[in-house]
Amino acid sequence: MNNLILTISASFIFQLGIIAQPQKGSAPPIHSRQAKLSIEQFSKNLRQTLADSSSGWAYQIWDRTKLICSEAGGFRIASVDNKDQGDIEFDVAHRMHIASISKPITTMAMIKILAEKGLHPGNEIKNFLPQSWKVHSTLEKTTFTHLLEMRSGLTAENAALSSSYHSLKNLVEKGINPDNIGRFNYQNVSYGLLRVLIAELNGYSRPMVNIDSVYLEMVSANAYIDYVNRSILQPAGIDYAFCHEASNNPTMMYPFPYNGEAGLISGFSSEKNQDGNLSSFAGGLGWYLSVEEVGKLFSAVFNSEKILTKEQFDTLISFRFPFNKAKKTWGEYRSGMGMWIWSKPEAEYNCGLNTLYMLLPDNLLVVAFVNSKGKGIRNLRARILSAYEKSLP
């Protein structure tokens, strides 16, 4: 049932100092204290922890821009959602909603387009919002950096609908409590607003009068999606991606342990939005990508100048969010995680998913997806870190 690509050689039993020299245009290696790491043991530990805690799962390990391990197990569609024709196996190639892993992608796009327009993250956003929006005085000094680091003072319910074009317009016109400026507050609306700003900077045709708000929201969202594809995803070798489910056999979310329950589409967000179309709320969420596509993207960003120049990359990792570093006894790492949890209507269980990228010492990249949520089960970051630590000597 498992699909395995595992290539281990002497060069992938990592010796600190032997392969720690950065390639041209790559990120400096994150500081490491361990003498060596067994990739084979790490993969074994990953396989065990994900198989024991997920209905469907997949992961890849990359050495800089080289894929060295790829595995998947469980199911992405259960038999009950496949006309009882049997489970469809999880794999690394099928797309699903990546939830908050969308945030670093939006950050990359924001940095790229600011550089193209000769702007800086420290510039104020007020002159780049839609002309029809009336910016409240409390937001006149808000910068792109404030939004990127989630320190703008914007506050709303942390749900998809809060990031709609109409909701964001109301927030900007309502204003904020100035005392909250500079304080970290995890809000999808900050990245929803970045979606609108990228669309405005990218440029798109607008009706002159009698604008239908639903139509304008769609046009703005498409301008953002087009820019991200053209400037971020396609240079990484990724086919055109969407913020909606485009597959006839979409990956589903399930509970864990699994007992025959029906699932939900991975981008399900409400009874009114069961088809997983998150285009109008994208930025902090919404993108549909596969494990291998996220691996391609982050390996390219951290180890080449295919997507961002060195100067743009240095700006990227200078922000306190979403590329902040964390410290452990064995060294430092960077990571980002997405979670999406919903109760199936009229059911007594939760469906969910968890997505993650993690850059470990010596630029070892791990990407992992699971399509289930289990009560009392640690989040994906904790499971990946535990698997890594058990692989150290």
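Residues numbered from 1 in each chain as written. Predicted model: local features only at pLDDT ≥ 70, side-chain atom pairs only at ≥ 80, totals over all residues. Heavy atoms only, no water.

**Quick notes on helix 8 (residues 310-318)**
Then, in step 1: Along helix 8, the positions that sit buried rather than exposed are Gln-312, Phe-313 and Leu-316. Along the axis of helix 8, the buried residues cluster in a sector spanning 100°; they form a single face. (Buried < 20%, exposed > 50% of the residue type's maximum accessible area, 1.4 Å probe, protein only. Helix = DSSP H or I, 4+ residues; strand = E, 2+ residues; numbered from the N terminus. Arc of directions from axis to C-beta.)

**Points about the packing of aromatic side chains**
Then, in step 1: In total, this model carries 20 aromatic pairs according to the counting rule given.
Then, in step 2: Arranged with centres 5.5 Å apart and planes meeting at 75°, the rings of Phe-42 and Tyr-388 form a pair that is edge-to-face. Within this pair, whereas Phe-42 is found in helix 1 (residues 39-51), its partner Tyr-388 is found in helix 9 (residues 380-389), the two being separated by 346 residues in sequence. Exposure class is identical for Phe-42 and Tyr-388. Each is buried.
Then, in step 3: Judged by centre distance (5.9 Å) and plane angle (40°), the rings of Phe-128 and Phe-144 are tilted. Residue Phe-128 is located in the loop between helix 2 (102-116) and helix 3 (144-148), and its partner Phe-144 is located in helix 3; the two are separated by 16 residues in the primary sequence. (Phe/Tyr/Trp six-rings, centres within 6.5 Å; stacked < 30°, edge-to-face > 60°.)

**Side note on the environment of Arg-378**
Then, in step 1: Along the polypeptide, Arg-378 turns up in the loop between strand 15 (372-374) and helix 9.
Then, in step 2: Separated by 325 residues in sequence, Arg-378 and Ser-53 have C-alpha atoms that sit 8.8 Å apart.
Then, in step 3: Not counting the four nearest positions on each side in its chain, Arg-378 is found in contact with Arg-383 and Ser-386. (Contact = heavy atoms within 4.5 Å.)

**Let's talk about helix 2**
Then, in step 1: In this model, helix 2 (15 residues) spans 21 Å end to end at C-alpha, consistent with the 21 Å of a helix rising 1.5 Å per residue.
Then, in step 2: For helix 2, the tally of buried residues reaches 13 of 15 residues, placing the bulk of the element in the interior.
Then, in step 3: Two residues or fewer past helix 2, Gly-118 is found with a positive phi of approximately 70°. (Expected span 1.5 Å × (residues − 1).)

**Quick notes on the side chain of Ser-372**
Then, in step 1: Its place among the elements puts Ser-372 in strand 15.
Then, in step 2: A distance of 2.9 Å separates a polar atom in the side chain of Ser-372 from the backbone nitrogen of Ser-55.
Then, in step 3: Excluding residues within four positions of it along the chain, Ser-372 makes contact with Ser-53, Ser-54, Ser-55, Gly-56, Tyr-254, Pro-255, Phe-256, Gly-352 and Leu-353. (Polar contact = N/O pair within 3.5 Å; in protein donor to acceptor, adjacent residues only side chain to side chain.)

**What to know about the packing of helix 2 against helix 8**
Then, in step 1: Packing of helix 2 against helix 8 leaves a shortest axis separation of 10 Å and a crossing angle of 135°. It follows that helix 2 is oblique to helix 8 by the angle criterion. Of the two elements, helix 2 crosses helix 8, and the hand of that crossing is right-handed. On helix 8, the residues touching Thr-107, Met-108, Ile-111, Lys-112 and Ala-115 of helix 2 are Gln-312, Thr-315 and Leu-316.
Then, in step 2: The class makeup of the residues in the contact of helix 2 with helix 8 is four nonpolar, three polar and one charged. (Axes fitted to C-alpha atoms, helices over the stretch in contact; angles between N-to-C directions. Parallel < 35°, antiparallel > 145°, perpendicular 65-115°, else oblique. Left-handed = near helix turned anticlockwise from the far one by under 90°. Nonpolar A, V, L, I, M, F, W, Y, C, P; charged D, E, K, R; others polar.)

Keep in mind these values describe shape, not function.
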